[in-house]
Amino acid sequence: MKILQTLPELNAGGVERGTLEIARYLIQQGLESVVVSNGGRLVERLENEGSRHLSLPVHRKSLASFLQIGAFRQILISERPDILHIRSRVPGWIAWLAWRGLPRDARPHLVSTVHGFYSINFYSAIMTRGERVIAVSESIREYILRNYPKVPRERIRCIPRGLDPGQYPRGFTPSPEWQQAWRGQFPEVAGRRVLTLPGRITRLKGHEDFLRLLRALLAGGQPIHGVIVGDAHPHKRKYLAEVKSLAARLGIAERVTFTGHRADLREVFAVSDVVCSLSTQPESFGRTTLEALALGRPVVAYAHGGVGEQLRAMFPGGLVPPRNEAALLEVTRGLLSQPPAPAPVPEDYTLEAMCRLTLDTYQDTLRHA
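Now for a look at the structure at hand. Residue numbers run consecutively from 1 along every chain, following the written order of its sequence. Side-chain atom pairs in this predicted model are given and counted only at pLDDT of 80 or more, local residue features only at pLDDT of at least 70, and totals for whole chains, interfaces and linings cover all residues. The basis for every side-chain value is the complete set of non-hydrogen atoms in the structure, without hydrogens or water.

## A short note on the overall build of the protein
Going by this rule: Comment: elements are numbered from the N terminus, with helices defined as DSSP H or I runs of at least four residues and strands as E runs of at least two. This radius of gyration counts C-alpha atoms alone. The globule rule is 2.2 Å times how many residues there are, raised to the power 0.38. In this description, contact between two residues means that some pair of their heavy atoms is separated by no more than 4.5 Å.
Looking only at helices and strands, one finds 13 helices and 13 strands in the protein. At 22 Å, the protein has a C-alpha radius of gyration in line with the 21 Å of a compact globule built from 369 residues. Overall, the protein is about 70 × 45 × 40 Å in size when its C-alpha atoms are taken along their principal axes. Considering only residue pairs separated by 6 or more positions, the protein has 69% of its internal contacts joining residues 24 or more positions apart.

## Here we look at helix α10 (residues 287–294)
Heads up, the rule is: Only protein chains enter the calculation, and the probe is 1.4 Å; a residue is then buried if its accessible area is under 20% of its type maximum, exposed if over 50%, and partly exposed in between.
Counting buried residues along α10, seven of its eight residues qualify, which places the element largely inside the surrounding structure. Among all positions in α10, only Arg 287, Thr 289, Leu 290, Glu 291, Ala 292, Leu 293 and Ala 294 are buried. Here the buried face of α10 lies against α1 (14–28), α9 (265–270), β11 (274–277), β12 (299–302) and α11 (305–314). Looking one or two residues beyond α10, the residue adopting positive phi is Gly 296, at roughly 90°.

## Some thoughts on the packing of aromatic side chains
For clarity, the threshold we go by: Each Phe, Tyr or Trp ring (for Trp, its six-membered ring) is paired with any other whose centre lies within 6.5 Å, and the angle between the two planes then decides the class: stacked below 30 degrees, edge-to-face above 60, tilted in between. Sitting over a ring, as applied to charges here, requires NZ of Lys or CZ of Arg to be within 6 Å of the ring centre and within 35 degrees of the ring normal.
For the coordinates displayed, the defined rule picks out seven aromatic pairs. Measuring from centroid to centroid gives 5.8 Å for Trp 93 and Trp 96, while their planes differ by 90°, and the two rings are edge-to-face. With Trp 93 and Trp 96 both in helix α4 (residues 89–100), this residue pair falls three residues apart, about one helical turn. Overall, Trp 93 belongs to the buried group, its relative accessible area being 8%. For Trp 96, a relative accessible area of 11% gives the class buried. Taking 5.2 Å as the distance between ring centres and 40° as the angle between the ring planes, the aromatic pair formed by Trp 93 and Phe 122 counts as tilted. Separated by 29 residues along the polypeptide, Trp 93 in helix α4 and Phe 122 in the loop between β5 (109–114) and β6 (132–135) bring together distant segments of the chain. Residue class for Phe 122 comes out exposed when judged on its relative accessible area of 59%. Each member of the aromatic cluster is reached from another via a ring pair, and the members are Trp 93, Trp 96 and Phe 122. A cation over a ring is seen here: Arg 266 above Phe 172, with NZ or CZ 4.2 Å from the ring centre.

Next comes the structure, spelled out in structure tokens:
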């Protein structure tokens, strides 16, 4: 079996990570894996793990991207994959139009993954065109059924994103060298309880709610320090400045650290007293939340989307009604005082289950679609 996955680029993010994980698993199973994207810093890793990468500018949200339909069709003709797996809307449209232009008996079978709560319109509907449609959480399955009622229920497969519990062991402690480097880079966290908010710097990730939570805890005498982990896209620099300005207006600028992008989130979570997930709109899944819970760290999160599903399964005491700042403060105080231990990672949320069920979906598509 040969599987061809396509996505915009291979730099960073949940879609990119899932693509690499499935590609690696396919190679381990003795299958052939090809990825089409505009490229990025993860291409080297993809190729080192045995997959092939074909570079094509399928990433731009522009009508000019449709000039790539012919080139993508030639890839399908030359590669002759058994499965074409689309993971994002722009490359999804390019791939689907290229696929549709082939004779029916020359087309690969089509699988799509709905990774997010996309805007509901004709453009987004491309992600429901697969012969099998993978939803990354039950919340996404319900989103598809509610907003795209023409998609047959039996066509949808719910396959949550997963992690390797061996990479996120309960009670993990960073190495002394890492801890020394962390304290040297951020001496302001020494001797304080650490609240961490991971995620890209965007208006939807709850940074303003996080800052107001820090102010309320500090006003109550809690010896805390806030850590915001994540970078800002060049187009989001203005919002980053807004967040820093808010911290100054709240009088807590010295009690919050912006680390930028970090490749060591596991270690950062391990030295955090509470990890926060405060996205103002539901997350489709929320892998960083799962990582923190797997390590045994307390998590406080708004009770919606895929993150709400995780906490209901593993840590219901950390759930807070969305945007309820009074409840957020009360729950966080409780977690700082006497946190319960999260439940172990359910089998459904493991990397092995995600990869196995995705391969099962490919095989089922070949048998029945």
